[in-house]
Amino acid sequence: MHAARLKKVGSSEGPFASVYFEDVRNRENSRERFELEWRSMHNQLSKQGAPDALIEQFDSVKDNHHGISGRAGRALVITPDAVMVDDILLEPTASTIVTVGSLPYLIPLVAHGHDTEPFLLAKVDHTGADLCVRDARGRDVYSESVDGDGFPVHKARVGGPDRYIDTQSLAQENVRKNLAQAATRTAALAREHKLQLVLIIGEVQSRTAFAQHLPSSLRTVEIERGSRAAGSSAAEVAKAIRELIDTERLRRMDTETERFMAGQGRDTELSVDGTARVLDALEQGKVETLLFTDPDDKEVSSNSHFAPANRLLPYLAIRTGAELIQVDERLTLADGYGAILRHP
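What you see is a predicted model; the values in this text were computed from it and never measured.

K.L.:
Any chance you could explain the packing of helix α8 (residues 275-283) against helix α9 (residues 309-319) here in plain terms?
P.N.:
For any two helices packed against each other, the geometry is given by the interaxial angle and the distance between the axes. Contact geometry for α8 and α9: axes closest at 9 Å, N-to-C directions at 30°. Taken as axis vectors, α8 and α9 run roughly parallel relative to one another. The crossing of α8 and α9 is left-handed. On α9, the residues touching T275, V278, L279, L282 and E283 of α8 are A309, L312, L313, L316 and A317. Taken together, the residues of the contact of α8 with α9 sort by class into 8 nonpolar, 1 polar and 1 charged.

What follows is the structure, encoded as structure tokens:
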């Protein structure tokens with residue numbers, strides 16, 4: 001996870017409430033279930049000694065839904081002064097987590113968070129496009145529809161062969177015009193929201209033609225599932241996007257694993273593992289990337305904190321601008337922690 005996303009957390013003082021739960025409101029009796037769950041979490045915060053101001057901040061985001069559809073999770077990191085994190089989780093935690101302490105509990109957010117670059121989702125057809133800007137936390141932050149003024153867009157067989165060719169050419173030109181107008185608006189939104197990635201959904205000819213009108217500065221990925229048509233499965237689109245995110249996560253795991261292994265093979269180490277060595281590197285500001293597998297939660301101390309390692313190490317990482325990433329069984333790390341260093 002990019003440290004910049006958690007910069008506010010790293011620069012804040014506690015107490016922190018860290019809350020992770022399944023936030024699904026499109027099932028039978030979902031509202032009733034959600035109300036019971038929220039009341040339970042509210043009570044747990046109170047029992048753990050959360051200040052009234054912190055509980056008020058917690059309740060203030062109760063109905064922030066973020067357009068969640070299907071099975072998903074939600075992460076909240078809160079202080080008495082502000083809501084630091086209110087994010088979607090790609091996967092909900094196995095059970096609800098509610099903790100209050102001097103440091104935040106960030107491991108589930110790093111492990112399950114929707115950490116990807118922001119992108120623009122374009123559902124296209126021969127009349128134009130539905131455009132949606134999605135931020136790095138998986139939230140839809142802007143949407144609009146662009147319908148071109150080219151009409152008709154279907155060729156018709158009327159009159160003789162010459163007449164058919166005329167209507168066919170007219171329809172093709174109108175489709176081109178509509179997609180060009182949609183692409184122009186897409187490029188403008190990408191500049192406005194500082195995006196580089198455009199995901200394109202629709203039938204193959206519309207996708208291809210639309211992509212050709214986009215500037216070469218944008219990266220495009222065509223998604224074969226879904227369409228702009230009414231009734232098109234949102235679940236299929238969500239599944240395709242999730243597959244792209246998972247592919248990117250695995251690619252990053254590969255990259256960071258290779259960097260960690262290469263750092264250990266040098267005369268001057270550029271990677272270390274184990275709680276004590278990683279903590280020492282973090283306190284010296286030497287860590288570029290904090291890695292974890294199944295992190296140990298034993299109590300450790302730093303210059304200013306005494307806390308479980310799975311709270312203290314991630315907190316120090318974000319305070320010093322280090323990246324955080326969970327890796328799988330491809331790495332074996334002592335105590336479940338490793339670090340790639342900026343310098344020996």
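K.L.:
What should I look at first to understand the sheet that holds strand β10 (residues 271-273) in this one?
P.N.:
By definition, the strands of a sheet pair up through backbone hydrogen bonds, in either a parallel or an antiparallel sense. One open sheet accounts for 4 strands, arranged β10-β15-β11-β14; its pairing is mixed. The open sheet has two free edges, formed respectively by β10 and β14 (323-326), since each of these has just one partner strand. Sheet twist, expressed as the average angle between the axes of neighbouring strands with direction ignored, equals 20°. Running at roughly 95° to β10, helix α7 (residues 234-264) makes contact with β10, β11 (287-292), β14 and β15 (337-341) of the sheet.

K.L.:
Looking at this structure, how should I read the packing of aromatic side chains?
P.N.:
Aromatic ring pairs: the centre-centre distance and the angle between the two ring planes describe each pair. Within the structure shown, the criterion is met by 5 aromatic pairs. Summarising the aromatic geometry, the rings of Y20 and Y105 are spaced 6.3 Å apart at their centres and angled 90° between planes, so their arrangement reads as edge-to-face. Linking Y20 in strand β1 (residues 16-22) with Y105 in the loop between β4 (97-101) and α4 (107-112), this pair joins segments that are 85 residues apart in sequence. Here the two residues Y20 and Y105 agree in accessibility, since each one is buried. Seen from their ring centres, F21 and W38 are 5.9 Å apart, and the 80° between their planes marks the pair as edge-to-face.

About the cut-offs
- Along each chain, residues carry numbers from 1 onward, in the same order as the chain's sequence is written.
- Reporting of local features is limited, given that this is a predicted model, to residues whose pLDDT is at least 70; pairs of side-chain atoms are given and counted only at 80 or more, and all residues count toward the totals for whole chains, interfaces and linings.
- Derived side-chain values reflect all non-hydrogen atoms in the structure, with water molecules and hydrogen atoms excluded from consideration.
- Lines fitted to C-alpha atoms define the axes here, with helix axes fitted over just the stretch in contact, and angles between the N-to-C directions of these axes take values from 0 to 180 degrees.
- In DSSP terms, a helix is any run of H or I states spanning at least four residues, a strand is any run of E spanning at least two, and both are numbered starting from the N terminus.
- Just so you know how the angles are binned, under 35 degrees is roughly parallel, over 145 roughly antiparallel, 65 to 115 roughly perpendicular, and the rest oblique.
- Crossings are classed by handedness, with left-handed meaning an anticlockwise turn of the near helix from the far one by less than a right angle and right-handed meaning a clockwise turn.
- Only heavy atoms matter for contacts: two residues are in contact if any of them lie within 4.5 Å across the pair.
- When residues are sorted by character, Ala, Val, Leu, Ile, Met, Phe, Trp, Tyr, Cys and Pro go into the nonpolar class, Asp, Glu, Lys and Arg into the charged class, and all the rest, Gly among them, into the polar class.
- Following DSSP output, two strands are said to pair if at least two bridges run between them.
- We call Phe, Tyr and Trp rings a pair once their centres come within 6.5 Å, taking the six-membered ring for Trp, and we label the pair stacked below 30 degrees between planes, edge-to-face above 60, and tilted otherwise.
- Buried means the residue's accessible area, taken with a 1.4 Å probe over protein chains only, is under 20% of the maximum for its type, while exposed means over 50%, and partly exposed covers the values in between.

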